[in-house]
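Structure assessment
Next come the chains, spelled out residue by residue.
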Amino acid sequence: MLKINNISVEADKHLILDGLSLNVEEDEIHVIMGPNGAGKSTVCKAIMAHPDYKIKKGFIKFNGKTISSMSTDQISREGIFYLMQNPTEIPGVTNAELLRAVTHEVNENKSIFEFNKELNQICSELNIDKSYIHHEINMRMSGGEKKKNEFLQLYELKPKLILLDELDSGLDVDALKDLSTSLLKYKENNHASIIIITHHTNILEYITPDHVHILTNGKIIKSGDAQLAKKIEKEGFARAIDVDEV
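Quick summary incoming for the structure in this document. The shown structure was predicted, so the numbers you read here are calculated from the model rather than taken from an experiment. (Residues numbered from 1 in each chain as written. Predicted model: local features only at pLDDT ≥ 70, side-chain atom pairs only at ≥ 80, totals over all residues. Heavy atoms only, no water.)

Some words on the packing of helix 5 (residues 143-157) against helix 6 (residues 173-190)
Angle between the axes and distance between the axes are the two parameters that describe a pair of packed helices. Two numbers describe how helix 5 lies on helix 6: the axes approach to 11 Å, and their chain directions differ by 10 degrees. The angle between helix 5 and helix 6 falls in the class roughly parallel. Seen from helix 5, the contacting residues are Lys-147, Lys-148, Phe-151, Leu-154 and Tyr-155; seen from helix 6, they are Ala-175, Leu-179, Ser-182, Leu-183, Lys-185 and Tyr-186. When its residues are assigned to classes, the contact of helix 5 with helix 6 shows seven nonpolar, one polar and three charged. (Axes fitted to C-alpha atoms, helices over the stretch in contact; angles between N-to-C directions. Helix = DSSP H or I, 4+ residues; strand = E, 2+ residues; numbered from the N terminus. Parallel < 35°, antiparallel > 145°, perpendicular 65-115°, else oblique. Contact = heavy atoms within 4.5 Å. Nonpolar A, V, L, I, M, F, W, Y, C, P; charged D, E, K, R; others polar.)

This is the structure:
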């Protein structure tokens, strides 16, 4: 589904990623871990063509199509959803207005009644208050409420690849468990793939990844299964990486 081939990425004239490669198949969960400042969030920003992050070498393909030369909105339309660590606040625009505009572009035949029914069903599935539907996007919300709000958008937009940057940031234990359960349900129903960016293992108590990668010095230097994440939690990043791989 996703092929990142030997990309090097610069931001503010600093090289952050240097020869990073990653392949993600359909229905897979990948976790990218690493110390603070290793460039984990930059992977998401490179995929989504953030204007401050320039791919200087390599390419990114999604379902066989090169997306590294596309704009952010074009990439999103291909079916990629990016949930940022601190979701953007948009005053004056409600979730309903945003989602209606996007979904109407894709399906002009969907009536406003069908649309409203869908959003109400999603709120019930996510166990969030229906007032979220007409709330200004992420305005006057706590960190946890913003993440729940983004899940409302995710469920309605139905992406095939989900990028989660520090989902557990700002969430209490109950909220993290609820959103993790909702995420796995979405994945199962839609055969979606997920990339989780994190530097600790809280979220992995509820989600078992297919692949775990350690990113440092601008590239992925070690990969494994869920056991690698447990080793990191127990021993730290330095000891989890073999000396000859540093």
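Let's talk about the packing of aromatic side chains
Going through the model one piece at a time under the given rule, you end up with one aromatic pair. A centroid spacing of 5.4 Å and a plane angle of 50 degrees characterise the contact between Tyr-155 and Tyr-186, whose relative ring orientation is tilted. Placement of Tyr-155 in helix 5 and of Tyr-186 in helix 6 is noted, with a sequence separation of 31 residues between them. For the pair Tyr-155 and Tyr-186, one class covers both residues: buried. Geometry around Phe-115 places Arg-100 over its ring, the cationic atom sitting 5.6 Å from the centre. (Phe/Tyr/Trp six-rings, centres within 6.5 Å; stacked < 30°, edge-to-face > 60°. Buried < 20%, exposed > 50% of the residue type's maximum accessible area, 1.4 Å probe, protein only. Lys NZ or Arg CZ within 6 Å of the ring centre and 35° of its normal.)

Re the nonpolar core
Inside soluble globular proteins, nonpolar side chains tend to come together where they are buried. If you look at the biggest cluster of nonpolar residues, it comprises 44 residues, and the most contacted ones within it are Leu-119, Leu-164, Leu-167, Ile-196 and Ile-214. Ignoring sequence-local partners within four residues, the contact set of Leu-167 consists of Leu-83, Lys-147, Phe-151, Leu-179 and Ile-203. The next biggest cluster of nonpolar side chains, apart from the first, holds 29 residues, and it includes Ile-7, Ile-60, Phe-62 and Ile-197. (Core = buried A, V, L, I, M, F, W, Y, C linked by side-chain atoms within 4.5 Å.)

Quick notes on the sheet that holds strand 4 (residues 54-62)
In any sheet, the strands associate via hydrogen bonds between backbone groups, in a parallel or an antiparallel arrangement. Spatially, 2-1-4-5 is the arrangement adopted by the four strands of the open sheet, whose pairing is antiparallel. The two strands at the open ends of the sheet, each matched to only one other strand, are strand 2 (14-24) and strand 5 (65-66). Summarising the sheet, strand 4 and strand 5 pair through two bridges and their orientation is antiparallel. Each residue of the ladder has a partner; that of Lys-61, found in strand 5, is Thr-66. The strands that helix 1 (residues 40-47) touches are strand 1 (2-11), strand 2 and strand 4; relative to strand 1, the one it contacts most, it runs at about 105 degrees. (Pairing = 2+ DSSP bridges.)

No statement about biological role is implied by the geometric values presented.
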